[in-house]
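Notes for the structure review
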Amino acid sequence: MNNYSYPIFPDWSKEELMDMMALYNAVESAYENANGVNAEKIVKLYNRFREINPAKMEQKQIDRDFQSISDYSIYRTFQAATNAKTKNIRM
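Residues numbered from 1 in each chain as written. Predicted model: local features only at pLDDT ≥ 70, side-chain atom pairs only at ≥ 80, totals over all residues. Heavy atoms only, no water.

Looking at an unreviewed UniProt entry, one finds the chain named UPF0223 family protein, with Apilactobacillus nanyangensis as its source organism.

The structure is reproduced here in structure tokens:
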């Protein structure tokens, strides 16, 4: 289990926070799990991420913050998922 704090915004609702945590966990799974993570799940969670954070600048900041603490990229994981030829992706 990694010991770091996820980037969160105080204006997120509880539901939005839970959805963002699901995205962070899915991205971690893409990097850490031997089987990777379901590509459709990543795309669905990323689309929700864009609904919660519609401003591109905010999206990029969250990805940068997440990458600086975890070394994992939300956007690169999404790109891999959209281009996936298999059901699961592994980063």
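**What to know about the overall build of the chain**
When you go through the chain residue by residue, the secondary structure sums to four helices and two strands. Ordering the α and β elements of the chain from the N terminus gives α-β-α-α-α-β. Taking 2.2 N^0.38 as the reference for a compact globule, 91 residues should give roughly 12 Å; the C-alpha atoms of the chain span a radius of gyration of 12 Å, in line with that estimate. By its C-alpha atoms, the chain is 35 × 25 × 20 Å across when sized along the principal axes. Taken across its 91 residues, the chain has 35% of its residues classed as buried. A separation threshold of at least 6 residues defines the contact pool for the chain, and within that pool the share at least 24 residues apart is 66%. (Helix = DSSP H or I, 4+ residues; strand = E, 2+ residues; numbered from the N terminus. Rg over C-alpha atoms; globule rule 2.2 N^0.38 Å. Buried < 20%, exposed > 50% of the residue type's maximum accessible area, 1.4 Å probe, protein only. Contact = heavy atoms within 4.5 Å.)

**Some remarks on the packing of aromatic side chains**
Scanning all chains against the criterion turns up nine aromatic pairs. Judged by centre distance (6.1 Å) and plane angle (20°), the rings of Tyr-6 and Phe-66 are stacked. Placement of Tyr-6 in the segment before helix 1 (14–32) and of Phe-66 in helix 3 (residues 56–70) is noted, with a sequence separation of 60 residues between them. The pair Tyr-6 / Phe-66 is uniform in exposure class, with both members buried. Among the aromatic side chains, those forming a connected cluster through ring pairs are Tyr-46, Phe-49, Tyr-75 and Phe-78. (Phe/Tyr/Trp six-rings, centres within 6.5 Å; stacked < 30°, edge-to-face > 60°.)

**Let's talk about unusual backbone geometry**
With a phi angle near 70°, Asp-71 is a residue other than glycine that sits in the positive phi range. As for its placement among the helices and strands, Asp-71 is situated in the loop between helix 3 and helix 4 (74–82).

**A closer look at the nonpolar core**
Among soluble globular proteins, nonpolar side chains are generally buried collectively. Residues Met-20, Tyr-24, Val-27 and Ile-74 are the most contacted members of the largest nonpolar core, which totals 23 residues. Elements represented by at least two residues in this core include exactly helix 1, helix 2 (39–52), helix 3 and helix 4. Element by element, the count of residues in this core is highest for helix 1, at seven residues. Dropping the residues within four chain positions of it, Met-20 is found in contact with Trp-12, Phe-49, Ile-52, Asn-53 and Ile-62. (Core = buried A, V, L, I, M, F, W, Y, C linked by side-chain atoms within 4.5 Å.)

**Let's talk about the packing of helix 1 against helix 2**
Contact pair helix 1 / helix 2: the axes reach a minimum separation of 9 Å and the direction vectors enclose 140°. The angle between the axes of helix 1 and helix 2 places the two elements in the oblique class. Judged by the twist between their axes, the crossing of helix 1 over helix 2 is left-handed. Taking contact as the criterion, the partners of Glu-15, Glu-16, Asp-19, Met-20, Ala-22, Leu-23, Ala-26 and Val-27 in helix 1 are, on helix 2, Lys-41, Ile-42, Leu-45, Tyr-46, Arg-48, Phe-49 and Ile-52. Class assignment of the residues belonging to the contact of helix 1 with helix 2 gives a composition of ten nonpolar, no polar and five charged. (Axes fitted to C-alpha atoms, helices over the stretch in contact; angles between N-to-C directions. Parallel < 35°, antiparallel > 145°, perpendicular 65-115°, else oblique. Left-handed = near helix turned anticlockwise from the far one by under 90°. Nonpolar A, V, L, I, M, F, W, Y, C, P; charged D, E, K, R; others polar.)

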